[in-house]
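# Observations on the three-dimensional arrangement
The residues making up each chain are set out below.
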Amino acid sequence: MPIKMVWVSTMIDIRILISFSELIILVLAFHQIGVKSSLAPLCAVGSVVVVFTLCGCLGALPVAGWLVLFASIISVGWLVFRCLVQKKLLRIPQFGFWFFTVGGLFLIILLWLKQPMFTEWDEFSFWGVGSKLLKEYNQLYTTAPVGWIWTQTQKPALLVFSYFFQFFGNGYAEWQSYVAVDIFLLATMTTVLGSLEDKKKIGAAIPLAVLMLLLPFVFYHYQNITNVSPAYLCVLGDLPLGFAFGATLCAHYCEKKYSAINILPVCLGLVLTTLTKDTGMALALVAMVLSFVDAMLCAKPRQLESVKASWKKESLYFVAMLTSIVTAFGGWELYINLTTGASRTEAAGSTATIGIAEMPFVFLGELLSSNKSGFFIEITGNMLRSFFTSFGYMLGSGVVFLLLVWGILGGAILIYREKPAMRRYIFYGIGSTMGFICWYSLITMSYLYVLRPEQALIYESYERYVYPYYVGWLLGALCLFATAISASTRKKIALGQLGLVTLTALIFLRISQLVPEQYTVLGVHPDEYNRRQEFAQSVQQLCARLDPEGRTFFVSSNDDGLGWFMYCYEMLPYQLDYSYGGGTMEERVISSNGSIQKIHVTIDAWEIYLVESGCTTVYIDYASSDFAAEYGALFEDNMTSYHNRQTNLYEVTTENGNVVLVPILMIS
Amino acid sequence: MQKHLRRNNSFFLRVVVLYLCALLAFLLVHFAYFVQNRLAYASGILTQQKLSLDDFILIDMEMTEDGSLVCLSTDPQLIAKDSSIVAENLNFQAEYTLPPLLVNVFWADVGEVHSVRNMAYETDSAEGLFLLPPGGAYSLRIDPGIQAENIVTINSITINTKRDFGFFFIPSGGELALLLFLPSLLASCIEAVMCLLPKRLLDKNTFGCLDADKDGVGQYHD
């Protein structure tokens, strides 16, 4: 399928190369100070995210952009100085670095040619709109003006990383958000190759790298593939979260010694995982425990005297990891409380009356009691069953991933049978399975206590909530397999390599069986985005008729919320009022017993609301006859201009203390 | 005297050679398509033909007095009455009152249903041109847009317009994936197989096993 050449003459396409160059320089700098080539991209991405998040929390987000530029200039200077003046030999970047750099450039060019656009609900409700908010207002989405509070309780890592790529120049570009997420993925994928670097096992690195690149397809295909596959074309945080978790595990398992340089990638990986999504902290804790147990029990057998010393080292390691997680999570929670005072459960529109910290105890209490509620039995029973029978993934149900991980670990044992290594593989197998049980319970708890019952009973987004663990689980197992290969003998290495090639080939075949080539990122046709382009243009025309300082009330009867999110996103920086959620004229009120009730809005209540919220215009996307019957009196012309298709826009005016909606007719 | 290349260098060389072979294979295969195409025209299997509106069944579309079509829903379709047309491309020229947003041509073998797996988008270089897999006789379906109340005035529907030489060498998404991944995977595979050879054969072959000197006990801690 021919690639459409889109010649864009603005600077905003070059800015992404500037940011990418900064990133590459940081990768090289990390590599020079002693981090492995394959782990350096993770460190670079992690440090960029940390700098931007910190500056964002301090209310000075743009400062971060200049700081990173400054840091990369200094790095170049330092590298040149080291090489030319100090005459020290620079470490040559290994294939991990090249995989990241060449892969990154390829993705940038590919996405520049394809110019993808947002199409999914969650891209409009948070992940996409969030990154646009950052660019439009140069501040974190928590303080940026937008009509809906829900966005303020998610985590910033991907959004600030997207801001980093769009830092220079004005104007927000959707496709560049895709670049940011894909480069994030690439940086985390590279970590798997870490243990092959020392022995330069490029023969084994190749199938592993290809397998990594294919993994997004494996996890995204739980949706009906009659639409463009989201692999590499999605800004949702679930897959990046899984990869960040996996990268953290790989950063640990690549190393056998725990010096300060070696634990830096692990700590940055933990911070990234915690800051990518709200469930990230649980994954980070699992990674921390697995790493600590591995460091304690599976390290090289030592002499008795140095055991004391080694305990000290491992304890420091544990403290460093715990500090990273707690600082990242706690710091962000503190920031949220200081700026908005919103808690997660309240804003997610849930009926939860239980805080996150109490959830595990309540869950255990109900699990062990003999008096379980029907809801509890149903949810837990179905969750247990789904693990085995819900074929929502390309490879089958969840149990397939468990078998795959254990299979890869079994392969590692076959290839390399030395005692310390075998201990490692077995402990990973058992530990990660236990970690999975905790994770799965956490998701079950979310369905029980956080999500609304109507969402819980349909197991909304079940596959998407669970798979981050599968991703990391697989990455950890593959990293251990790679360590087995790098330590083994010729024939076993060859067998391991063939095993990897076979696995990659099988997955490639499975993907090609299910995904039509024109629905992949390589083959997607620009026509697929015509709908969005058309919508964007019509909203641009709408905004041209609006007051930039104004606020618009949104009427769209029967909308399920997506319409509101899409208009809100497209209209930014023009403000769209929350408008009771856009679909129905019903206000959500938290009643005295904690439950949420929907109260129908009367015409008088709406009049008061329009004045109090400061709306200057009312935009009607679609008004049902019920709406017209009930609220038509507030309109000067009783909505005839709307029904005659003369206008969708009404101005909010006040006459003798009453609100009158005057039609703003289109000038043809 | 045997040339003493560093084994890593020879591996890279092998990878580059395999990529060149893949590129060559791609060019050869597509050149074969070109030759097959021209032969088909020469022997009369493929002939450029103009189709009229009478050759199609209208789904969710209605004919107006002046000959144009009104779309009644967001999924208007034109299905060719002849379910076995030998065509390798279709040129659909039409005018619309609203932008159609997405125009596709579907093909189906005898007895199959039209699906998104067998769907062509407009080529970028030639407006209105849709490519079909060569060598088949299909039931064709044209979806002229996804806008309800769109008025479509069809100027022409032509099959088998002769395509230029350059047209035959644009890779599809799947071919691109194969070109990117297959040569390196193959190199890795071959290297692994070579390493499984007994030691005495290893010294003789120039492909190079990167771990030729690692026959002993594996080293976990160096």
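All values reported here derive from a predicted model rather than from experimental measurement.

## Considerations on the pairing of strand S8 (residues 103-108) of chain B
Residues and elements named next belong to chain B. Counting buried residues along S8, six of its six residues qualify, which places the element largely inside the surrounding structure. Along S8, one buried face is formed by Val103, Val105 and Trp107 and the opposite face, lined by Asn104, Phe106 and Ala108, is buried too. In this structure, S8 lies alongside strand S11 (residues 137-144), joined through six bridges in antiparallel fashion. Residue pairing across strands places Asn104 opposite Asp143, the latter belonging to S11. Both S8 and strand S9 (residues 119-120) contribute to a ladder of two bridges, which runs antiparallel. Counterpart to Phe106 in the pairing with S9 is Met119.

## Some words on the interface of chain A and chain B
Counting from both sides, the interface comprises 55 residues of chain A and, opposite them, 53 residues of chain B. Each partner contributes to the roughly 4800 Å² buried at the junction of chain A and chain B, and carbon and sulfur atoms together form 61% of this total. Across the contact surface, chain A and chain B share 15 residue pairs in polar contact (both at pLDDT 80 or more). The element that contributes the greatest number of residues to the side of chain A that touches chain B is helix H21 (residues 490-514) of chain A, accounting for 13 residues. Across the side of chain A that touches chain B, the residue classes break down as 26 nonpolar, 13 polar and 16 charged.

## Considerations on the side chain of Glu88(B)
Its place among the elements puts Glu88(B) in the loop between strand S6 (85-86) and strand S7 (89-96). In this structure the side chain of Glu88(B) is engaged in a polar contact, spanning 3.3 Å, whose partner is the side chain of Asn37(B).

## Brief notes about the packing of aromatic side chains
In the structure shown here, the tally under the stated rule is 68 aromatic pairs over all chains. Ring plane angle 80° and centroid distance 5.3 Å describe the contact between Trp66(A) and Phe167(A), whose orientation is recorded as edge-to-face. Pair noted here: Trp66(A) is in helix H3 (residues 61-85) and Phe167(A) is in the loop between helix H6 (157-165) and helix H7 (174-190), with a separation of 101 residues, a long-range link. Plain terms: the ring middles of Phe118(A) and Tyr569(A) are 5.4 Å apart, the flat faces sit at 65° to each other, and that makes the pair edge-to-face. Placement of Phe118(A) in the loop between helix H4 (95-114) and helix H5 (121-137) and of Tyr569(A) in helix H23 (residues 562-571) is noted, with a sequence separation of 451 residues between them. Tyr569(A) sits in the buried class, given a relative accessible area of 1%. Taking the ring centre of Phe106(B) as reference, the NZ or CZ of Arg141(B) above it sits at 4.2 Å. Positioned above the aromatic ring of Tyr41(B), the side-chain terminus of Lys162(B) is 5.3 Å from the ring centre.

## Some words on the pattern of salt bridges
Residue and element names in this part refer to chain A. Following the criterion strictly, the structure yields eleven salt bridges over all chains and no others. One salt bridge in this structure joins Glu570 and Arg532, with 2.6 Å as the shortest N-O distance. Residue Glu570 is located in helix H23, and its partner Arg532 is located in helix H22 (residues 530-544); the two are separated by 38 residues in the primary sequence. Since its relative accessible area comes to 6%, Glu570 is described here as buried. Classification of Arg532 as buried rests on a relative accessible area of 4%. Close ionic contact of Arg551 with Asp577 constitutes a salt bridge, the shortest N to O distance being 2.9 Å. Taken together, the residues span a long stretch of sequence, with Arg551 in strand S1 (residues 551-556) and Asp577 in the loop between strand S2 (575-576) and strand S3 (586-590) at a distance of 26 residues. Overall, Asp577 belongs to the buried group, its relative accessible area being 1%. Through salt bridges with shared partners, a single network forms among Asp122, Asp238, Lys277 and Arg464.

The rules behind each value
- Residues numbered from 1 in each chain as written.
- Chains lettered and ligands numbered in written order.
- Predicted model: local features only at pLDDT ≥ 70, side-chain atom pairs only at ≥ 80, totals over all residues.
- Heavy atoms only, no water.
- Buried < 20%, exposed > 50% of the residue type's maximum accessible area, 1.4 Å probe, protein only.
- Helix = DSSP H or I, 4+ residues; strand = E, 2+ residues; numbered from the N terminus.
- Pairing = 2+ DSSP bridges.
- Contact = heavy atoms within 4.5 Å.
- Buried area = accessible area lost by both parts, 1.4 Å probe.
- Polar contact = N/O pair within 3.5 Å; in protein donor to acceptor, adjacent residues only side chain to side chain.
- Nonpolar A, V, L, I, M, F, W, Y, C, P; charged D, E, K, R; others polar.
- Phe/Tyr/Trp six-rings, centres within 6.5 Å; stacked < 30°, edge-to-face > 60°.
- Lys NZ or Arg CZ within 6 Å of the ring centre and 35° of its normal.
- Salt bridge = Lys/Arg side-chain N within 4 Å of Asp/Glu carboxyl O.

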